[in-house]
Amino acid sequence: TDRERPAEPSYRGGQFERVLDPALTEAVKGLGRKEGATLFMTLLAAWEVWLWRHTGQTDFAVGSPVAGRTHPELETLIGLFVNTLVLRSDVAPTLSFPELVRRVRARTLRAYDRQEAPFEQVGEAVNPERTMSRSPLFQVMFSVQNMPRATFAAEGLRVEPVAVEVTQAKFDLTLFVVERDGGGLGLSLEYNTDLFDAETAERFLARYEALLAAISAA
């Protein structure tokens with residue numbers, strides 16, 4: 001971090017964005033397919049490597065949202081069913097990246113099997129040490145948005161997405177990945193301005209892209 005963690009966070013935040021070119025995106029997807037892993041699992045493994053290289057920690061937790069729509073009966077309902085998973089990471093420096101992807105795949109599938117356990121109840125069961133300075137179970141979030149963008153039309157009504165400026169950050173860092181129409185991945189890093197300067201966050205995102213390129217090339 002650029003500064004010490006304050007005793008009580010302000011939740012002020014900022015955001016930087018980058019776009020991966022389609023060729024690199026396809027290389028990352030191909031690497032995952034070789035290990036029977038989804039794009040989410042492959043990118044999460046790279047995010048874990050990124051966190052290990054910056055922190056020196058091999059055992060840590062990353063939060064990730066799930067849609068909470070595991071039952072077909074929910075498909076036609078309007079509403080928010082989102083839950084949060086806590087994914088424990090175990091990055092052994094001796095592992096190859098494909099071996100790490102397989103580990104991440106196994107841990108992620110176990111977490112999906114238990115995804116209906118409410119996050120609040122998980123927190124109560126774990127009962128971590130509480131402090132106002134940070135969120136208790138994880139401080140870094142990872143999210144991949146790969147739902148197809150359906151068009152919506154109704155008589156006399158036009159719907160379109162609107163970009164919203166990010167001025168708040170719930171966690172130290174949150175990496176959002178969006179599959180773009182026509183190929184490529186959009187990367188968006190939300191960062192806590194109590195801890196990080198804008199230049200640092202921009203450099204973080206560039207390093208993640210460089211890491212994906214190096215992994216794909218090797």
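In this text the structure is predicted, and so the values were computed from the model without any measurement.

1. Concerning helix α2 (residues 39–55)
Then step 1. The terminal C-alpha atoms of α2, which comprises 17 residues, lie 24 Å apart, in line with the 24 Å expected from a rise of 1.5 Å per residue.
Then step 2. The buried fraction of α2 amounts to 13 of the 17 residues, a majority that puts the element mostly inside the structure.
Then step 3. Phi turns positive one or two residues past the end of α2, at G56, with a value near 80 degrees.

2. Observations concerning the side chain of D172
Then step 1. Within the secondary structure layout, D172 lies in the loop between β6 (157–158) and β7 (173–179).
Then step 2. Here D172 falls in the buried class, since its relative accessible area comes to 11%.
Then step 3. Among the polar contacts made by the side chain of D172, one reaches the side chain of R5 at a distance of 2.7 Å.
Then step 4. When near neighbours in sequence (up to four residues on either side) are disregarded, D172 contacts R5, Q139, E190, Y191, N192, L195 and F196.

3. Some points on the environment of N192
Then step 1. Inspection of the secondary structure puts N192 in strand β8 (residues 185–192).
Then step 2. For N192 and A169, which are 23 residues apart along the polypeptide, the C-alpha to C-alpha distance reads 5.4 Å.
Then step 3. If sequence neighbours within four positions are ignored, N192 has contacts with R12, A169, F171 and D172.
Then step 4. Engagement of the side chain of N192 in a polar contact is seen with the backbone nitrogen of D194, the distance being 2.7 Å.

4. Remarks on a nonpolar patch on the surface
Then step 1. The grouping of F152, L157 and V159 at the surface amounts to a nonpolar patch, some 310 Å² of accessible area in total.
Then step 2. Tracing the backbone through its elements, the reader meets F152 in the loop between β4 (140–145) and β5 (153–154).

5. Quick word on the packing of α2 against helix α3 (residues 97–113)
Then step 1. Closest axis-to-axis distance for the α2/α3 pair is 9 Å, and the angle between their directions is 115 degrees. Once α2 is placed against α3, the crossing between them reads as right-handed. Residues F40, M41, T42, L44, A45, A46, E48 and V49 of α2 form the contact with α3, whose participating residues are F97, L100, V101, V104, R105, R107, T108, L109 and Y112.
Then step 2. Grouping the constituent residues of the contact of α2 with α3 by class yields twelve nonpolar, two polar and three charged.

6. Considerations on the pattern of salt bridges
Then step 1. Enumeration over the complete set of coordinates arrives at eleven salt bridges.
Then step 2. For D59, the salt bridge is made with R88, and the minimal N-O distance between the two is 2.7 Å. Residue D59 is found in strand β2 (residues 59–66), and its partner R88 is found in strand β3 (residues 83–90); the two are separated by 29 residues along the sequence.
Then step 3. For D59, a relative accessible area of 40% corresponds to the partly exposed category.
Then step 4. A single network of salt bridges, built from pairs that share partners, joins E26, K29 and E179.

7. Notes on the packing of helix α1 (residues 22–34) against helix α5 (residues 198–217)
Packed helices, taken two at a time, are described by the angle their axes make and the gap between the axes.
Then step 1. One way to put it is that α1 packs onto α5 with a least axis distance of 9 Å and a crossing angle of 60 degrees. Between α1 and α5, the crossing angle belongs to the class labelled oblique. In this structure, α1 meets α5 at a crossing whose hand is left-handed. On α5, the residues that touch L24, A27, V28 and L31 of α1 are E209, L212, A213, I215 and S216.
Then step 2. For the contact of α1 with α5, the residue count by class is seven nonpolar, one polar and one charged.

Definitions and cut-offs
Residues numbered from 1 in each chain as written. Predicted model: local features only at pLDDT ≥ 70, side-chain atom pairs only at ≥ 80, totals over all residues. Heavy atoms only, no water. Helix = DSSP H or I, 4+ residues; strand = E, 2+ residues; numbered from the N terminus. Expected span 1.5 Å × (residues − 1). Buried < 20%, exposed > 50% of the residue type's maximum accessible area, 1.4 Å probe, protein only. Polar contact = N/O pair within 3.5 Å; in protein donor to acceptor, adjacent residues only side chain to side chain. Contact = heavy atoms within 4.5 Å. Patch = residues over 30% accessible without salt bridge, like charges linked within 9 Å, V, L, I, M, F, W, Y side chains within 5 Å. Areas by Shrake-Rupley, 256 points an atom, 1.4 Å probe, with all protein chains shown as cover. Salt bridge = Lys/Arg side-chain N within 4 Å of Asp/Glu carboxyl O. Axes fitted to C-alpha atoms, helices over the stretch in contact; angles between N-to-C directions. Left-handed = near helix turned anticlockwise from the far one by under 90°. Nonpolar A, V, L, I, M, F, W, Y, C, P; charged D, E, K, R; others polar. Parallel < 35°, antiparallel > 145°, perpendicular 65-115°, else oblique.

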